[in-house]
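Structural overview
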Amino acid sequence: MGQEKNKRRCKAAFVFLAPLTNEPPALAGSGARQRGAHEWTPAPLTNERRNFMKILFASDIHGSAYYCRRLLDIYKETKASRMVILGDILYHGPRNDLPKEYAPKEVIAMLNPLKDQIYAVRGNCDTEVDQMVLQFPILADYALLVLDGKTFYATHGHVFNQDHLPPMQDGDILVHGHTHLLKAEKVETECGTITVLNPGSVSIPKGGNPNTYAILENGVFTIYSLDGEEVKELKL
């Protein structure tokens, strides 16, 4: 019953298109995007870069200034084109212990300058109050991403997940967070073979997993620890 209520109240998704160009992808319904001091600056469009974009996926920061700072250092070092945050950005949640250096105001100050590079979906710990202080949209319950011709259904995972799939087709990709458990595997379902991805949690990993994030590059989804160790890889 709870899932049905959540499903009915889901807000309209935004659509994130990553064509094989060097232009920032469009955000459906967003209108003109304001540019400021932290405007996204594209890298030169080399022949190699025409073939793919590098996207960083992260989830479940839960207000940790320490781990958010480390994540953004990695984002800068990897020279990823965009960052997709799969929910639970500021609040630690009543079921979790406080993460290291729990300081939501510091997380806000670190993320807002990157507002033109971050695309986020709503986690079960994210609220309208959080949206008031964050300068990029966070209240969409899901997003459809078209990357290199593949359709990604990006969501937090508390409503739609491997056990409660959204509408999907054979070959589609479900990417979510919420469980704090990393995953990258092909799954047989009633709708065909899909891929289920979870970058794990940046600040509060569970199940013995390290603190992790993921990079999608050239058709390969790779999960890394914040220490730089490759944890899992899957060719999509």
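The written sequence of each chain sets the order in which its residues are numbered from 1. Local features in this predicted model are restricted to residues whose pLDDT is 70 or higher, and side-chain atom pairs enter the listing and the counts only when it is 80 or higher, whereas totals over whole chains, interfaces and linings include all residues. Here the side-chain values reflect all heavy atoms present in the structure, with hydrogen atoms and water set aside.

1. Some details on the sheet that holds strand E12 (residues 230-235)
Strand pairing in a sheet takes place through backbone hydrogen bonds and is either antiparallel or parallel in direction. The line we're drawing: Pairing between two strands is assigned when DSSP locates at least 2 bridges connecting them. Secondary structure counts use DSSP, requiring at least four H or I residues in a row for a helix and at least two E residues in a row for a strand, with both numbered from the N terminus. Fitting a line to C-alpha atoms yields each axis, with helices limited to the stretch in contact; the angle taken between N-to-C directions then spans 0 to 180 degrees. In what follows, residue pairs with any heavy atoms lying within 4.5 Å of each other are defined as contacts.
Taken together, six strands build an open sheet; the order of strands is E4-E3-E2-E10-E11-E12 and the sheet is mixed. Only two strands of the sheet have a single neighbouring strand rather than two, namely strand E4 (118-120) and E12. Recorded for the sheet is a direction-independent mean angle of 20° between the axes of neighbouring strands. Of the strand pairs in this sheet, strand E2 (residues 55-58) and strand E10 (residues 212-217) are connected by three bridges, and their pairing is antiparallel. Residue pairing for E10: Ile 55 is matched across the bridge by Leu 216. Sheet strands touched by helix H2 (residues 65-78): E2, strand E3 (82-85) and E10. Its angle to E2, the strand with the most contacts, is close to 165°.

2. Quick notes on the environment of Thr 78
Short version of the rule: Throughout, exposure labels follow a simple rule: accessible area from a 1.4 Å probe, protein chains only, divided by the maximum for the residue type, with under 20% read as buried, over 50% as exposed, and the rest as partly exposed. Polar contacts here mean pairs of N or O atoms no more than 3.5 Å apart (in protein, one a potential hydrogen donor and the other a potential acceptor; neighbouring residues in sequence count only if both atoms are side-chain atoms).
Inspection of the secondary structure assignment puts Thr 78 in helix H2. Given a relative accessible area of 18%, Thr 78 falls into the buried group. For the pair Thr 78 and Ile 215, spaced 137 residues apart in sequence, the C-alpha to C-alpha distance is 8.9 Å. If near-sequence neighbours (up to four positions away) are discounted, Thr 78 is found in contact with Lys 54, Leu 56 and Ile 215. A distance of 3.1 Å separates the side chain of Thr 78 from the backbone oxygen of Tyr 75, its partner in a polar contact.

3. Structural notes on the pattern of salt bridges
Quick reminder of the rule: Throughout this description, the term salt bridge denotes a Lys or Arg side-chain nitrogen within 4 Å of a carboxyl oxygen of Asp or Glu.
Enumeration according to the criterion identifies five salt bridges in this entry. A salt bridge links Glu 101 to Arg 69, with the shortest nitrogen-to-oxygen separation between them at 3.3 Å. Here Glu 101 is found in the loop between E3 and helix H3 (104-111), whereas its partner Arg 69 is found in helix H2, with 32 residues between them in sequence. On the basis of relative accessible area, Glu 101 is assigned to the partly exposed category, the value being 38%.

4. So, the confidence of the model for the chain
Selection rule: How sure the predictor is of each residue is captured by pLDDT, a score from 0 to 100.
Of all residues in the chain, 78% attain a pLDDT of 70 or more, and the chain-wide mean is 84. This stretch, residues 1-8, has a pLDDT under 50; its non-local contacts, to residues over four places away or in other chains, come to seven contacts. Below pLDDT 50 for its whole length, residues 16-51 participates in 61 contacts with residues either more than four positions away or in separate chains.

5. As for a nonpolar patch on the surface
Inclusion rule: The residues that make up patches have over 30% relative accessible area and no salt bridge, and they are joined within 9 Å when like-charged or within 5 Å when they are Val, Leu, Ile, Met, Phe, Trp or Tyr. Per-residue and other accessible areas follow the Shrake-Rupley method at a 1.4 Å probe size, with only the shown protein chains counted as cover for residues.
There is a patch of nonpolar side chains on the surface, built from Val 129, Met 132 and Val 133 and spanning about 320 Å² of accessible area. On the secondary structure map, Met 132 appears in helix H4 (residues 128-133).

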